[in-house]
Structure formats: structure tokens, C-alpha cells
Amino acid sequence: MMMIAYLERQQQQQQQRLVPDGDVELDPDHSILRALDSDATGDAVAAAARDFGGMVFLQPARFLRPSTADDVAGAVVLASRSSSLTVAARGNGHSVCGQAMADGGIVLDMRTLGPPMEIVRCGGTAAAVDVPGGALWAEVLSWAVRNHGMAPVSWTDYLGLTVGGTLSNGGISGQAFRHGPQVANVTELEVVTGDGERLVCSPSSASDLFFAVLGGLGQFGVVTRARIPLVPAPKMVRWIRVVYGAFDEYARDAEWLVTRDDSAAFDYVEGFVFRNDASDPVSGWSSVPIPPGSAFDPARIPADSSPILYCLELALHYDHTQADNVDERVKEMLRPLRYLRGLEYAADVSYLEFLSRVGRVEEEARASGTWATPHPWLNLLVSSSDVADFDSTVFKRVLSRGIGGPMLVYPLRRSKWDERMSVAVPDGELFYLVALLRFVTPHAGEAAVKEAVEQNQEILSHCRNKGYDFKVYIPHYESEADWARHFDGDWTRFVERKRRYDPMAILSPGQAIFSRARPPAAVAASAS
């Protein structure tokens, strides 16, 4: 595997260990390890050697449970004393390609990190919440709504992800077209950098570090605390699904909806592809109707429709004082859309219930065993100028039989992403999230996983060969050339930020971007 090192190759070949690896030599009085709850064997270490993807297994030397940011800093300092130890922050283990692993290194269980969430008054009626980096978004939602009647404005569909994890990648859901991704909805971070320094940063203080960390794939610092702005939480949601037979009409409507003025816009716009098939319980007709028990009427589908159909998913927030006119508002907002009449569905649910809806999918997947099987997921950001070709080639041909899980496709706006952040997005103003969330049945075996991975590679090759304006979201590459291509014009900035904030490349080794460098003293010793 090719990765990038900071020191000249010849220098690396001459280097020898300055300090032998191992707990005794690195931590002579065990002061660091004694301050941390740690494991070197057992179930905890075994769990840290795998992730939700279930395709990569890398055993760490230690699994540490920090309770404070100083504990995190201590672990990084411990690693810096060695010639090869690395540190990975593990949230809820939801990466799919080993991104939160550290082969022979230290894995931090961020779920144990404190202190508890705390409300912060920001002047006037403005408020925010200080959240530990290992808190789940589900916990943030419950705490903020139940205790303060407030909530963040930008979410992910699945809330079993940690705050630090999504801020290191992007954090996308149906609110992002309006409010931006989660990385655009944080005002302050506490970060432990690769030299073990604990820093507080924001757009106005240590701003380069702040924006480097956002979408930085864990390369520049471990997020130990985030300050998330809050607004009054809606009480109710009108949850809507409408069906399309043609992608061009689906895309025109979706793009029109995400570019409307806020006063005339829905609060949530997403969408997904499904099979024109009654027999597929996962991604066929039955995947569309809401609430449970609603029926799908295939007679409404035109006879010349393709094997692939499209569902636009919308939401409108309201409170009980607005309940009387919500029907009329929704009717007027849906009127211009070109969906297939008779294939519209709606349910009124609480705000908490709407945002937690994917939790029910998790419960079903755990019950069926598919939560524990490999998940060869692929997430792409594809420019609107290329998405029609992607539909005709990928959805209608390569994936016409489905993938055993959801196939999301919906537009986002580039102007909602700050160019100072590390995350890479397509050049066009409108681009689509394409999320291929594969679930492999327990009896399918390794052949099915291999086929899915090969199919993902076929899709990526198609995107490159056709010259699409696209990026892999939550990327994983194995060569310097691929990483440089991914970050394109921002690659030099990315490398320079790594030199600045993690010069020994201790952090987040599972991303396979940079090679661990020797401590400067080791280089001097080997040169002498």
C-alpha cells in the first residue's frame, strides 16, 4: 500500500528505534495507563478490531477509555514516545473500511468521554449545547428536546453516530440543502492535536485548525467537545412520500424544491430509488408507503415505466397552533410537482419520532441478523450535470436488481459548504448524495460480499471513465495518487495542515493517507 511519509525515504531506511515499543518502556511508571481504563486483550480489543463494515480486521495494542480531554492528550503523548504507535478515535464503530482502527496501535473509546452535555447561552435568546465528541446524535436530540425544548438544525438520518465522527466527515441529511451539513453547524471545537496539545478553536480563534478538523477525516485532531447551536424544536412533522416514474421529472422537482426561498420550502428533502417490483420486501413497492399498513397501488404506475422508480421524501414542521392549516399548506406546496397522482403518502408524527425513524430499521436489521453481517457501502457526491447519466447506467443497469438495502439519491447545495473546511465536494452548485447502503443476508456468504465490492469498483470506474464531477463521501483509498485526486486543488493544503497539526502522523491511521513518522529525536539519533 502506498502512503505518504513526511521524511525522506532514505532517512526512514536508516532510522532505528529510539525507544522500544511496549508499555514498560513507553510508560515506565505506568502513570498514563494507570490514569486510563484500558484493555490489551479480551472482548473490548476484539470489538475495536472490527467495524460496521465487517470487511477489515485490525487488532490494536491497547483499547483505552478516556473520560476527559486530558486523557486523550495523554494517550497521544504516549504514542509520540514510541517509534510506531498510532492513535485512532472510535465512536460507535460505524465506519465501513477500517477508518477508525489502529493496527497495533491505540484505539480510544470515545463513548466514555465526558463531561455531560451543557447548555450555553450565547446572548439574547440564542443558545448552544456543549457536547462531548463521543456523544451520539440520538443522545443530543433526546437531551436537548426533552430538557430544553430545543434542537440542532442539521442531522444525519441514522442517529447512532457520534458527534465527533460526523464532524470529521460531513454529516448529511434532508435538512442540509437548507441549513448545510453538520460541519456547517458548529461554532466551537475542543481538539487534541497530534502533538498532544488540547486546543479550543472556532471561526475566529485558531480558525485554520477549526476548519481543518471539519471534514478532516480525523487527520488533524481528535474532537473532544463541540458547541452546536440550538433553535426551538418543532413539535410535529408532516412526513410525505410521493412516487415518480421518470428520473428527469424526479430530479427537476427535487432541484426546484431545494432552491426555493426558505419561506416557501419544505424543511426536509430527500429521496430514494426503489424497484418496480412487488416481490422485493427491502427495496420494492412495500418500501414506500407510510404510515405502516398503507398500501401501494401498482395500477397507478404507467405501463411503460422502467424497472426502477423514484420516491421523493419530504417533511414540513409545524406546531399545534398551525395544525388547522397544514393540510392546505402541503396541498399548495405539492401542487406544482410532477409525481404520479395516487401514489402519495403522508403521516403526522412528532419531531422526535421523525428524526428517530431509522432506529426502527436498525431494530429490524438486528432481529434479522443483517446488522451483524458485512456492509460494503458506497457513498458518492455526484454533480447534477452527471446524475442523469449515473441513473441510466448505474441505477437502471448495474443496480436494477437492487442492493438489499436503501439506495438514496437527493440534491444538495454547494453554497451551504464552507470552502475552508477539509471535506471535498463536487464543483457544481447542485450535487446529489448517492448512498448505496447494502445489507448482506446472514446466509449469503463471502461470495455475495465480494460481488458487492466488485460492483462498487465498477461504479467508481464508470464515474472516472465518464469524467464525472464527483467525490466519494466518507472516502477510503490506498494510494497517494487517489487521495491527491480526491482532494484535487486542496491536496497541498491538506498535506500542509497535516504537517502543522500532526507532524508525526499519529492520528487516524485507518484512513491510510499518511505513514507514521519517527520522532524527531529518533531521526537525529539515526543520523549521528
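Values in this document were obtained by computation on a predicted structure and should not be read as measured data.

Basis of the calculations
Residues numbered from 1 in each chain as written. Predicted model: local features only at pLDDT ≥ 70, side-chain atom pairs only at ≥ 80, totals over all residues. Heavy atoms only, no water. Core = buried A, V, L, I, M, F, W, Y, C linked by side-chain atoms within 4.5 Å. Buried < 20%, exposed > 50% of the residue type's maximum accessible area, 1.4 Å probe, protein only. Helix = DSSP H or I, 4+ residues; strand = E, 2+ residues; numbered from the N terminus. Contact = heavy atoms within 4.5 Å. Pairing = 2+ DSSP bridges. Axes fitted to C-alpha atoms, helices over the stretch in contact; angles between N-to-C directions. Parallel < 35°, antiparallel > 145°, perpendicular 65-115°, else oblique. Left-handed = near helix turned anticlockwise from the far one by under 90°. Salt bridge = Lys/Arg side-chain N within 4 Å of Asp/Glu carboxyl O. Arc of directions from axis to C-beta. Phe/Tyr/Trp six-rings, centres within 6.5 Å; stacked < 30°, edge-to-face > 60°. Lys NZ or Arg CZ within 6 Å of the ring centre and 35° of its normal. Expected span 1.5 Å × (residues − 1). Disulfide = S-S within 2.5 Å. Polar contact = N/O pair within 3.5 Å; in protein donor to acceptor, adjacent residues only side chain to side chain.

This brings us to the nonpolar core. In terms of nonpolar packing, the biggest core is built from 140 residues, with Leu189, Leu380 and Phe390 touching the most fellow members. Tallying contributions element by element places strand 13 (residues 308–318) first for this core, with nine residues. For Leu189, the residues in contact, after removing those within four places along its chain, are Leu167, Leu199, Val200, Cys201, Phe210, Val213, Leu214, Val223, Arg225 and Ala226. The next biggest cluster of nonpolar side chains, apart from the first, holds 18 residues, and it includes Leu85, Val87, Leu113 and Val192.

Further remarks concern the sheet that holds strand 17 (residues 430–436). Strands in a sheet are paired, the pairing made by backbone hydrogen bonds, and the direction either parallel or antiparallel. With antiparallel pairing, the eight strands of this open sheet are ordered in space as 14-11-13-12-16-17-15-18. Both edges of this open sheet fall to strand 14 (344–350) and strand 18 (470–472), since each of them pairs with a single strand only. The sheet shows a mean angle of 20° between the axes of neighbouring strands, taken without regard to direction. With seven bridges connecting them, strand 16 (residues 407–413) and strand 17 associate as antiparallel partners. Bridged to Tyr410 within strand 17 is Leu433. Set on the sheet, helix 11 (residues 326–334) makes contact with strand 11 (236–244) and strand 13; between it and strand 13 the angle comes to about 140°.

The next subject is the pairing of strand 13. Within strand 13, 10 of the 11 residues are buried, leaving the element largely enclosed by the surrounding structure. As judged from the nine bridges shared by strand 11 and strand 13, these two strands associate in the antiparallel manner. The partner of Val242 across the bridge, within strand 13, is Leu312. Bridge count between strand 12 (residues 268–275) and strand 13: eight bridges; the pairing is antiparallel. Note that in strand 13 the partner of Glu270 across the bridge is Glu313.

With that settled, consider the packing of helix 14 (residues 387–398) against helix 15 (residues 446–465). Interhelical geometry of helix 14 versus helix 15 gives an angle of 160° and a closest axis separation of 11 Å. The angle between helix 14 and helix 15 falls in the class roughly antiparallel. The crossing of helix 14 and helix 15 is right-handed. Contacts from Asp389, Phe390, Thr393, Val394 and Val398 of helix 14 reach helix 15 at Gln455, Glu458, Ile459, His462 and Cys463.

So, on to the pattern of salt bridges. This model, assessed by the stated rule, comprises 32 salt bridges. With its nearest N and O atoms 3.0 Å apart, the salt bridge here joins Arg414 to Glu419. Look at Glu419 and you get exposed, because its relative accessible area is 58%. Asp502 is the partner of Lys498 in a salt bridge, and the nearest nitrogen-oxygen pair spans 2.6 Å. Asp502 carries the same exposure label as Lys498, and that label is buried. What emerges from the salt-bridge pattern is a single network uniting Asp130, Glu188, Arg225 and Arg227.

Okay, helix 17 (residues 491–501) next. Helical periodicity: at 3.6 residues per turn, an α-helix aligns residues three or four positions apart in one direction. Within the sequence span of helix 17, burial applies to Trp491, Phe494, Val495, Arg497, Lys498 and Tyr501. In a view along the axis of helix 17, the buried residues occupy a sector of 160°, so they form one face of it. Summarising the contacts, the buried residues of helix 17 are in contact with helix 9 (207–213) and helix 16 (480–487).

Turning to the packing of aromatic side chains, a few remarks are in order. Counted according to the given criterion, the structure contains 26 aromatic pairs. Between Trp239 and Phe354 the ring centres are 5.8 Å apart and the planes differ by 75°, which places this aromatic pair in the edge-to-face class. Of the two residues, Trp239 is situated in strand 11 and Phe354 in helix 12 (residues 351–355); the sequence distance between them amounts to 115 residues. On the basis of relative accessible area, Trp239 is assigned to the buried category, the value being 8%. Judged by its relative accessible area of 1%, Phe354 falls in the buried class. An aromatic cluster is built from Phe220, Tyr477, Trp483, Phe487, Trp491, Phe494 and Phe514, whose rings are joined through pairwise contacts. Positioned over the ring face of Tyr339 is Arg341, at 3.9 Å from the centre of the ring. Its end group placed over the ring of Phe354, Arg357 keeps NZ or CZ at 4.3 Å from the ring centre.

What follows is about helix 6 (residues 137–148). When the terminal C-alpha atoms of helix 6 are compared, their 16 Å separation across 12 residues agrees well with the 16 Å that a helix rising 1.5 Å per residue should span. Those residues of helix 6 lying buried are Trp137, Val140, Leu141, Trp143, Ala144 and Val145. Positive phi shows up at Gly149, right after helix 6, with a value of about 65°.

All right, on to the state of the cysteines then. Enumeration over the complete set of coordinates arrives at zero disulfides. With no disulfide of its own, Cys97 lies closest to Cys463 among cysteine sulfurs, the gap being 16 Å. Here Cys122 stays free of any disulfide, with the sulfur of Cys201 as its closest cysteine sulfur at 16 Å.

Another aspect to go through is the environment of Asp51. One can find Asp51 in the loop between helix 4 (43–48) and strand 2 (62–65). Ignoring anything within four residues of it in the chain, the contact list for Asp51 reads Arg90, Gly93, Ser95, Val96, Cys97, Gly98, Gln99 and Met101. Only 2.9 Å separates the side chain of Asp51 from the side chain of Ser95, close enough to count as a polar contact.

Turning next to the pairing of strand 10 (residues 222–232). Within strand 10, eight of the 11 residues are buried, which leaves it mostly tucked inside the rest of the structure. Bridging between strand 6 (residues 127–132) and strand 10 involves six bridges; their strand directions are antiparallel. Bridge pairing in strand 10 links Ala128 to Pro229. In the sheet, strand 7 (residues 150–151) pairs with strand 10 via two bridges, with the strands oriented antiparallel. Residue pairing for strand 10: Ala151 is matched across the bridge by Val231. Alignment of strand 8 (residues 188–192) against strand 10, held across five bridges, turns out to be antiparallel. Looking across to strand 10, one finds that Val192 is bridged to Val222.

This is a description of form; function is not addressed.
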